[in-house]
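Tertiary structure, described
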Amino acid sequence: MSGQLDAAMVRLPGMGWQPDGDAVRWHVRQGDLVTDEATVDFRAPGDEPGQFRRRHHPLAKPVRRVFLLAMAVFLAAVGGSIVSSLTAPGTDSAAARIAEWARDHGMGDLVTYLEKQQYEHNPPRIGGKPAGGIPEAGAVPGSGAPGKGKPVVPAGKPAPATMAPLASGTALSGEGRWQTVVMTPKGEAAVRFTAIRPDALHTSFLAGVMWLDPTFVRGQLRPGTTDPGGSWQASPSLTSAEYKNVAAAFNAGFRLTKNASHGGYYSEGRTVAPLVDGAASLVLHTDGTAAVGSWDNEVHMDSTVASVRQNLVMLVDGGKLNQTCQTGSSALWGFTIGNAAYIDRSAFGITATGAEVYVGGPALSVCTLGRILQDAGVVRGMELDINPDWITGVYYHTAQNGQPTGFRLYPGQKPSPSHYLSPSSRDWYAWFLRS
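For clarity, every value in this text was computed on a predicted model and none was experimentally measured.

**Overview of the nonpolar core**
By size, the foremost hydrophobic cluster in this structure holds 40 residues, and its most contacted members are V191, M210, F348 and W431. Examining the composition of this core, we find that four residues originate from one element, strand 5 (residues 189–196), more than from any other. Core analysis: the second largest hydrophobic core is formed by 29 residues, V209, F254, V357 and A376 among them.

**Details of the environment of M382**
Residue placement: M382 occurs in strand 18 (residues 378–386). Residue classification places M382 among the buried positions, given a relative accessible area of 0%. The contacts of M382, once residues within four sequence positions are left out, are A280, S281, L282, V292, R309, Q310, N311, L315, A347, F348 and L373.

**Considerations on empty space enclosed by the protein**
Applying the stated criterion across every chain yields a total of one cavity of 30 Å³ or more. Forming the walls of the largest cavity are N251, D385, D389, W390, T392, H419, Y420, S424, R426, D427 and W428. Across the lining of the largest cavity, the residue classes break down as three nonpolar, four polar and four charged.

**Overview of the pairing of strand 8 (residues 246–251)**
For strand 8, the buried fraction is high: six of the six residues fall into the buried class. Pairing of strand 8 with strand 21 (residues 428–433) involves five bridges; the strand directions are antiparallel. Across the sheet, residue A248 finds its bridge partner in strand 21, namely W431. Of the pairings in the sheet, the one linking strand 8 to strand 19 (residues 394–397) comprises two bridges and is antiparallel in character. Its bridge partner lying in strand 19, A248 is registered against Y395.

**Topic: the state of the cysteines**
Counted under the stated rule, the structure contains one disulfide. Here C325 engages in a disulfide with C367; their sulfurs sit 2.1 Å apart. Measuring handedness by torsion sign, the sulfur bridge of C325 and C367 sits at about 100° and is right-handed. With C325 in the loop between strand 15 (320–321) and helix 4 (330–333) and C367 in helix 5 (residues 366–375), this residue pair connects regions lying 42 residues apart in the sequence. Side by side, C325 and C367 carry an identical accessibility label, which is buried.

**With respect to the packing of aromatic side chains**
In total, this model carries 10 aromatic pairs according to the counting rule given. Note on F250 and Y358: the rings are 4.4 Å apart at their centroids and 20° apart in plane angle, and the pair reads as stacked. Within this pair, whereas F250 is found in strand 8, its partner Y358 is found in strand 17 (residues 356–364), the two being separated by 108 residues in sequence. A relative accessible area of 0% places Y358 in the buried class. Summarising the aromatic geometry, the rings of Y395 and F407 are spaced 5.2 Å apart at their centres and angled 15° between planes, so their arrangement reads as stacked. Of this pair, Y395 sits in strand 19 while F407 is found in strand 20 (residues 405–408), placing the two residues 12 residues apart along the sequence. Taking relative accessible area as the criterion, F407 reaches 22% and is therefore assigned partly exposed. An aromatic cluster is defined as three or more aromatic residues linked by ring pairs; in this entry it consists of F250, F348, Y358, Y429 and W431. The side chain of R270 reaches across the aromatic face of W232, ending 3.8 Å from its centre. When the ring centre of W390 is taken as reference, the NZ or CZ atom of R426 above it lies at 3.9 Å.

What counts, and where the lines are drawn
Residues numbered from 1 in each chain as written. Predicted model: local features only at pLDDT ≥ 70, side-chain atom pairs only at ≥ 80, totals over all residues. Heavy atoms only, no water. Core = buried A, V, L, I, M, F, W, Y, C linked by side-chain atoms within 4.5 Å. Buried < 20%, exposed > 50% of the residue type's maximum accessible area, 1.4 Å probe, protein only. Helix = DSSP H or I, 4+ residues; strand = E, 2+ residues; numbered from the N terminus. Contact = heavy atoms within 4.5 Å. 1 Å grid on protein atoms, 1.4 Å probe; cavity = no way out; pocket = protein on both sides within 12 Å on 5 of 7 lines; lining within 4 Å. Points joined across faces, edges and corners; volume = space filled by probe spheres on them. Nonpolar A, V, L, I, M, F, W, Y, C, P; charged D, E, K, R; others polar. Pairing = 2+ DSSP bridges. Disulfide = S-S within 2.5 Å. Phe/Tyr/Trp six-rings, centres within 6.5 Å; stacked < 30°, edge-to-face > 60°. Lys NZ or Arg CZ within 6 Å of the ring centre and 35° of its normal.

What follows is the structure, encoded as structure tokens:
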């Protein structure tokens, strides 16, 4: 206020300010009784008449002391816990770490409210085109050309058909066209990639689709340091011994705490959360192949099951989209965001030929996510995690020595492509080339 005090702007409950010539009278009232009053000259030497300088009310210091003391007590109680969360290994963002800490300390409703406000007031852009068009995949080692590779040996699963555009009009150059991004030493296509606009409205965004051939790759569920936490044979990060044959990695489902996933978790012969009948389940067998289905209806426990990760309900089943993707409750699609918000989402499914498909991208509703699964040929599929901080689809090019080079699945994917080279706080999946 440039040294001037506007009496109307500093009025506090129970307090009144009155200009009195070149001074200000303050009084504290209890009802209609003036209990204390004094006249304070707010002018400083050289001030013009009627010009006031800001002065602290006599009650301000005690109130400030109480506030600072309360903050000091709060920070002393939780500061160590927050610092521990912020300094834990891994590449999670500070915002994601604080949000997870808050959820773990009884403030989940507040975090949920703030997330909903963020998504409601910052919806993704409508219209436009993807900046730079459809990305070319990284050059496959030894091929000398981006995303094309050596001639593929006709073995393994049949190559997937080009995906038709979900946006209206003509497909962009390269949209829906599969690029080989990981090959076996014999030149067989182990992992393919394509990008596609998610719908007819959000045409400036691209979702990434990763197609994995179980003939040449095998999957493994990996633990996170906090979810599920605990001690496991499998490492929460890629180990140096795995650098030479890792092909791809991606996030798993919702958190297990407070049953956000509405399902269970089984791995290495241990049940962390009870498996739920009817829940959508990603099952990995001991031979590294994957299956997706409704638990104890389409997939079951037997001696070949290595892990089960459940998350919500089936999104695609029998090749058909679950119609509750438009109307489903939080019990079906998650209490934090639900089904309608257009945000970063991910999913996994199995095609009729047994190929394995992972989808990740921005500006997706549950329904548009399911339609991308369908168009990629998936007959049984399920939603995995959502939220920009957790969608982490990566394919890798290995090196003779040292760490592999990771590539984001879609433009704007927030986590680093080196995310799984450090311990992950959430559980995740790794896919490796078979020997």
